[in-house]
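One-letter residues, chain by chain:
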Amino acid sequence: MAYLALARKWRPKAFSEVVGQSHVVQALSNALDSGRVHHAFLFTGTRGVGKTTLARIFAKSLNCEEGMSAEPCQQCSTCQSIDEGRYIDLIEVDAASRTKVDDTRELLENVQYAPTSGKFKVYLIDEVHMLSGHSFNALLKTLEEPPEHVKFLFATTDPQKMPVTVLSRCLQFNLRVMRPEQIENQLVKILGSEAIEFEQAALHALAKAADGSMRDGLSLLDQAIAQGGGAVKTDVVENMLGTIKAQHSEAILQALSAKDVEKILHVIASMADDAVDFAAALDELLMQLYYISMAQLAPAAFTATDANHVLINELAAEIDREDVQLFYQVGLISKRDMALAPSLRVGFEMALLRMLCFEPLETGSVGDSGKPDAETLNTAASANSEKALEVSGAGGASIKTGSDPAAPIENRTPAAGIQPQTSVAKQPDAAQPSSIAVTLAGNNEWGELIEHTALAGLSKQLAMNCACEKIDQHEVKLSLSPKLQHLLKPERVDEIQRYLCDALDRQVEVTLEVEESDKETPAECLERLGYEQHAQTRQNLHNDPGVKVLMSEFGATINEQSIKTV
Ligand SMILES: [Zn+2]
């Protein structure tokens, strides 16, 4: 399909076609019609709101062969050549690519000469704030004593970066960011004229994604038409934008409301199948929470035009106000941390898990046996084995991702039998050994040996996940489960050998076979000890005389999820 980009085809050619900038259009029209036109204008506003478009229409209005007016004829050769970008007296400069003082000097040297064909020589300088200080000085001289036949039209996204001396000599117009519905209406109009089929929800999503820029909106529309085979379809647009589908967004909100972790993880998995942009999905979720909060606290001011208006009102009635605030806050912090998360999906998932793990105290997160929270957390942990949940203290909960279940353990304390302090312990099911102080000494000889080396990082992880089949004067034979083969790199084996030689103070050769072994690896040993220790911790806590008194006399209950060995 041979096709002129919509953004170009539908670029406004007359003031009457400009969307959403009526205040500017009015002022410019008045000036043109009165015949008194200032010599320097500055159009400010974010990208794609029509700064250079307005400037070009303005240039036509000034030079139209039918005479200066707010309604240029659009027919004469001047009007047409300006539309086609080849009018000799309209000098367009992109300051972003032309910041050197020499360039500006060259440009301004010609200012004194009369226009070639029109009445005015029009200088349109885009991104004018990018000019250097010297260039601004050169420009300033011209602005102070401008020749009669010259008009300057400046456009910038960043007027703060311009010298006050230049600003003060310009008439400034601030172009407004376009509202989604203005963009949506324009899309409807264009598609109508082009006789292209569309679904309204698709346009709604496009208009939102355009983020106030008509130009971006039209580019997205072009893409959507191309990808939709000549029509604008909602599912195509959602996939194209990587936006969270309405059905997913609703499902997440409902699951949050019901505190249903399993469902949340299920929806996220389905979002991942659709290659959703999880950063954008978190933004969308924050928007929904904002709407819910608005519906709760300022129903009169709540005028969401979204299709899920009904749902928002339902949820506003269902979810506690405090919870909505909390969800929003947690989401905001998670958004900040998202770039640091192992992946955007993990960041998003953790945001939602956190929302459900932090609970306002008065809602009774300390249940008699930790239910139902303990249950939902168990579900979460088992449904997604990549993550370990660790919930601490009643004053505030924290979750952290465990890396590999068999990750090496830091800060191990020497074992004095298994007699942990019992303030907190972990749930057996969800527990990962990574924060539990257990030791390999006396439990796993190979692991003990690794501990005596200076091995670290992934090489250490590899060693910890190997079973030792044989160790003698000259040789160390290791085996690695095929399931963990991803850990194997020749240079890591070399490193293990080097550090072993150092620790043993003799030359040994390390060989590694990928095969299942019936011997316990250090990592497995730590995991087993961790679970055993946790069970012990839990037992100790329940047997603690002080705790018993608290429970019997004051009706205290133990929040099982918060139990952690320290
Ligand atoms: Zn004309």
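It should be noted that the structure appears before, not after, this text.
Overview of the structure. Model, not experiment: these values are computed from the prediction.

Conventions we followed
- Counting from 1, residues in each chain are numbered in the order their sequence is written.
- For this predicted model, a pLDDT threshold of at least 70 governs which residues receive local features, and a threshold of 80 or more governs which side-chain atom pairs are given and counted, while totals over whole chains, interfaces and linings are taken from all residues.
- As a convention, hydrogens and water are excluded, and side-chain values are obtained from all of the structure's heavy atoms.
- Secondary structure is summarised from DSSP: a helix means a run of H or I of at least four residues, a strand means a run of E of at least two, and numbering begins at the N terminus for each.
- Donor selection uses N, O and S atoms within 2.8 Å of the metal (3.2 Å for Na, K and Ca). Since no water is included, sites may look incomplete.
- When four donors show all angles between 85 and 135 degrees the site is tetrahedral, when four or six donors have opposite pairs over 155 degrees and all other angles between 65 and 115 it is square planar or octahedral respectively, and in every other case it is irregular.
- Helix axes are fitted only over the stretch in contact, all axes being lines through C-alpha atoms; the angle between N-to-C directions runs from 0 to 180 degrees.
- In this scheme, roughly parallel covers angles under 35 degrees and roughly antiparallel covers those over 145, while 65 to 115 is roughly perpendicular and the rest are oblique.
- Here a crossing is called left-handed whenever its near helix is offset anticlockwise from the far helix by less than a right angle, and right-handed whenever the offset is clockwise.
- By the convention used here, residues are in contact when the closest approach between their heavy atoms is within 4.5 Å.
- In this classification, the charged set is Asp, Glu, Lys and Arg, the nonpolar set is Ala, Val, Leu, Ile, Met, Phe, Trp, Tyr, Cys and Pro, and all remaining amino acids, among them Gly, are polar.
- The criterion is simple. A nonpolar core is a set of buried Ala, Val, Leu, Ile, Met, Phe, Trp, Tyr and Cys residues joined through side-chain atoms within 4.5 Å.
- Burial here depends on accessible area, computed with a 1.4 Å probe over protein chains only, as a share of the maximum for the residue type. Under 20% is buried, over 50% is exposed, and the range in between is partly exposed.
- Where each domain starts and ends follows an automatic or database-derived domain assignment.
- One requirement defines pairing of two strands: DSSP has to find at least two bridges between them.

### Brief notes about unusual backbone geometry
The bulk of non-glycine residues show a negative phi, and the bulk of peptide bonds are trans.
Here comes step 1: Of note, Gln 74 is a non-glycine position whose phi angle comes to about 70 degrees, a positive value.
Here comes step 2: When you line up the elements, Gln 74 lands in the loop between helix 3 (51–63) and helix 4 (77–83).
Here comes step 3: A positive phi angle, close to 60 degrees, is found at Asp 505, a residue other than glycine.
Here comes step 4: With respect to the element layout, Asp 505 can be found in the loop between helix 21 (490–504) and strand 8 (509–514).

### A closer look at the coordination of the zinc ion
Here comes step 1: In this structure, Cys 64 (SG), Cys 73 (SG), Cys 76 (SG) and Cys 79 (SG) serve as the protein donors to the zinc ion, at separations of 2.2 to 2.3 Å.
Here comes step 2: Here the zinc ion binds four donor atoms, and the angle range of 100 to 120 degrees at the metal identifies the geometry as tetrahedral.
Here comes step 3: Binding-site remark: the zinc ion is held by donors from one chain whose sequence spacing is C-x8-C-x2-C-x2-C.

### Things to note about the packing of helix 9 (residues 200–209) against helix 11 (residues 234–241)
Here comes step 1: In contact at an axis separation of 8 Å, helix 9 and helix 11 are set at 25 degrees when each is read in the N-to-C sense. Between helix 9 and helix 11, the angle falls in the class roughly parallel. The way helix 9 lies across helix 11 gives a crossing that is left-handed. Counting all contacts with helix 9, which are made through Ala 201, Ala 202, Ala 205, Leu 206 and Ala 209, the residues of helix 11 involved are Thr 234, Val 237, Met 240 and Leu 241.
Here comes step 2: Along the lines of polarity and charge, the residues of the contact of helix 9 with helix 11 split into eight nonpolar, one polar and no charged.

### What to know about the nonpolar core
Here comes step 1: Counting 49 residues, the largest nonpolar core has Phe 15, Phe 43, Phe 58, Leu 206, Leu 221 and Val 232 as its most contacted members.
Here comes step 2: Split by domain, the residues of this core number at least three in each of domain 1 (21–174) and domain 2 (180–241).
Here comes step 3: Ile 252, Leu 282, Phe 348 and Ala 351 belong to the second-largest nonpolar core, a separate cluster that totals 39 residues.

### A look at the sheet that holds strand 7 (residues 475–480)
Sheets are built from strands paired through backbone hydrogen bonds, the pairs being either parallel or antiparallel.
Here comes step 1: Reading across the sheet, the three strands line up as 6-7-8 and stay open at both edges, with mixed pairing between neighbours. Strand pairing shows two members of the sheet lacking a second neighbour, strand 6 (466–471) and strand 8, which therefore form its edges. Between one strand and the next, the sheet's axes are offset by a mean angle of 25 degrees, whatever the strand orientation.
Here comes step 2: In this structure, strand 6 lies alongside strand 7, joined through five bridges in antiparallel fashion. For Cys 466, the partnering residue across the bridge sits in strand 7 and is Leu 480.
Here comes step 3: Packed onto the sheet, helix 21 meets strand 7 and strand 8 and runs at close to 145 degrees relative to strand 8.

All we've got here are geometric facts, nothing functional implied.
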